[in-house]
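Chain by chain, the residues:
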Amino acid sequence: MADLSTCPPLTRVSVKAAHERIKPYIHRTPITTCETLNQIASTPQCERCTHTGPNIASEPAPHDHNINGNVSSYTAAPNVRLFFKCENQQRIGAFKARGAFHALGRLIEEEGIESVRRKGVCTHSSGNHAQALALAAKTHNVPAHIVMPTISTPSKIAGTKSHGANVIFSGSTSDEREAVIREVIANTGATLVPPYDHPDIILGAGTQALELEQQVDDLLTQQPDLGITGKGKLDAVIAPIGGGGMLSGICTALHGTRIKVFGAEPNVEGANDAEQGLKQGKRFEKVSTLTIADGLRTPVGAIPWSIISDKEKLEGIYSVTEEQIKAALKVLMERAKMFVEPSAAVSLAVVLYNESFRQMVQREAGDKGWNIGIVLSGGNTTMEAIAKLFAAPEKAEERAEAKVGVNGERKAENVAG
C-alpha cells in the first residue's frame, strides 16, 4: 500500500478528493425510500410483535424464537423517515469498490504503474473486498492474488475469479487469513491492499456518505413530503461495522456536518467487538464468530478504531441478534423489494429492533423526528443462501408458494394474479 506517512489526512476534504479520484470507476448508487418501513420503524415494537399486538405489514416477529416478558414493555415510538443508500447496486455488488479503486489509484500514483504491474497486489477477504480489488486490478492490468476463507459464499468466490484474480484459500479467522497472506507476499512480492485498516481504504469508503448527504438534500428539495416535516436534511446515518473501514470513512466524511453517525453489529458469538470495545475502552484484536452477517466477522482495525472511538465522530454502536437480522432482511426483500446480503440488513435491524437505539432516537429527536440514512452495504448473496436462511416447515412453504389454502386444502385454480 501507499506509505502511511504520505497518505492524505483523514478529513472530509480528503474524502472529497478521494471521490474525485474514483468517480470514473464507480457507480453513484441511488437512494430509495419505503413508506411501509417508515411506518414499521415508527411503530412501537409492542404493537408489532405477534405475541402482544397486530403484525402489521406482514412483518416477521424476531421474538418468536426467544419469547420473553419484556416485549410488551418495548414502547419506544421514534418518528423516523428512512433513506437507503443502495451500495448493493455498486460495482461488484458492494461499497468495497470505492476503497479498492482509491487505494490502488494512490499506489499507482506513488510507485508508478509499471512497478505496480510487476509486483502485483494481494489481499485477504471473505468476498466483497476480494471482488473489489480483483476488479480494480483488472481495470489497471495489475496481477491480483486474493486469499479467501474456504467458507466464503460460492457467488463471492466466482465473482473474484471472474475478474482474473488468483484465489488462494485459507481458514476463516483473521489470524488464519493473515498467515496465508504472508506466504503469498513472500512467494510473489505482491503489495498488500488491506480490506479496511488503511487511510486510503477509509477515505474511499467514506465517499458514499458524501453522495448520501447530497442525494437526500436534493430529494427533499424536490419532494419535501418524503422527509420529516420542516427538515430538508439528514439527521443521522447508520452503517454496519466489521473491520471498520466503511464506518470510519463515513465518520470522517460527515465530521463537522452535524449529521450524527451510528454503527450496527451482530452480537452472536462476540461479533459485537466494536460495541463492547467502546464500553470497555479498548480495541478487541480477535473475533471468532459465524454470524450470518459474514462480511462483519472481523475485528475492528487499529486505524478505524482511532476514528470510531472518538466521541466527536461516532455517537455509538448498537447490536442485534441473528433473528433480528433475518427479520430485517425479510422486510427489505418483501416490503421494500431490495435484494441485499445479511450484513447489509444489520443497520435496519438496529433501527427496527434495538430498543435502546429506538429509545435514544425518540429522546433526542423528540416529536419532530429524524431523517435517517441507512447504508445497504452490499448484495452479494444467492437465492440458495437466502432460501436456507428462511427454510420453513413443508406446510408453511406450500402456503408461501400458493399451493394450499388457508385451511390446508389443495386445489388447482385458474385465478388471474
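It should be emphasised that the depicted structure is a prediction, and the values quoted were computed from it without experimental measurement. (Residues numbered from 1 in each chain as written. Predicted model: local features only at pLDDT ≥ 70, side-chain atom pairs only at ≥ 80, totals over all residues. Heavy atoms only, no water.)

> So what exactly am I meant to see when it comes to helix 6 (residues 154-162) here?
An α-helix turns once every 3.6 residues. As a result, residues three or four positions apart point the same way. Within the sequence span of helix 6, burial applies to Lys 156, Ile 157, Gly 159 and Thr 160. One side of helix 6 holds all its buried residues, which, seen down the axis, span an arc of 165 degrees. Looking at helix 6, the residues exposed on the side facing more than 90 degrees away from the buried face are Pro 154 and Ser 162. For helix 6, the secondary structure elements touched by its buried residues are helix 5 (128-139), strand 4 (144-149) and strand 5 (166-170). (Buried < 20%, exposed > 50% of the residue type's maximum accessible area, 1.4 Å probe, protein only. Helix = DSSP H or I, 4+ residues; strand = E, 2+ residues; numbered from the N terminus. Arc of directions from axis to C-beta. Contact = heavy atoms within 4.5 Å.)

> Please clarify how the sheet that holds strand 4 should be interpreted in this entry.
In sheet architecture, strand pairing relies on hydrogen bonds along the backbone and comes in two forms, parallel and antiparallel. Read from one edge of the open sheet, 4 strands run 5-4-3-6, paired in parallel fashion. At either end of the open sheet lies a strand with only one pairing partner, and these are strand 5 and strand 6 (191-192). As judged from the 5 bridges shared by strand 4 and strand 5, these two strands associate in the parallel manner. Bridge pairing links Met 148 to Phe 169 in strand 5. (Pairing = 2+ DSSP bridges.)

> Got a minute to help me understand the environment of His 102 in this structure?
Mapped onto the elements of the fold, His 102 is located in helix 3 (residues 96-111). Accessibility expressed as a relative area gives 2% for His 102, which makes it buried. The contacts of His 102, once residues within four sequence positions are left out, are Ala 18, Arg 21, Ile 22, Asp 200, Leu 203 and Gly 204.

> It is not clear to me how the pattern of salt bridges should be interpreted in this structure. Could you clarify?
If you walk through the whole model with that rule in mind, you get 21 salt bridges. Note that Glu 109 and Arg 106 form a salt bridge whose closest N and O atoms lie 3.3 Å from each other. Placement of the pair is Glu 109 and Arg 106 together in helix 3, with a separation of 3 residues, close to one helical turn. Relative accessible area serves as the criterion here: at 52%, Glu 109 is assigned to the exposed category. For Arg 106, a relative accessible area of 4% gives the class buried. For Glu 114, the salt bridge identified is with Arg 117, shortest N-O distance 3.6 Å. Taken together, the residues Glu 114 and Arg 117, both in helix 4 (residues 113-119) and 3 residues apart, mark about one turn of the helix. (Salt bridge = Lys/Arg side-chain N within 4 Å of Asp/Glu carboxyl O.)

> Explain the nonpolar core here, please?
The nonpolar side chains of a soluble globular protein tend to be buried with one another. Among the nonpolar cores identified, the biggest contains 45 residues, and Leu 37, Leu 82 and Leu 348 are the most heavily contacted of them. Examining the composition of this core, we find that 9 residues originate from one element, helix 13 (residues 342-353), more than from any other. If near-sequence neighbours (up to four positions away) are discounted, Leu 348 is found in contact with Leu 37, Leu 82, Phe 84, Ala 328, Val 331, Leu 332 and Ile 374. Counting residues in each nonpolar core, the second largest holds 34 residues, with Ala 209, Ala 253, Leu 254 and Leu 314 among its members. (Core = buried A, V, L, I, M, F, W, Y, C linked by side-chain atoms within 4.5 Å.)

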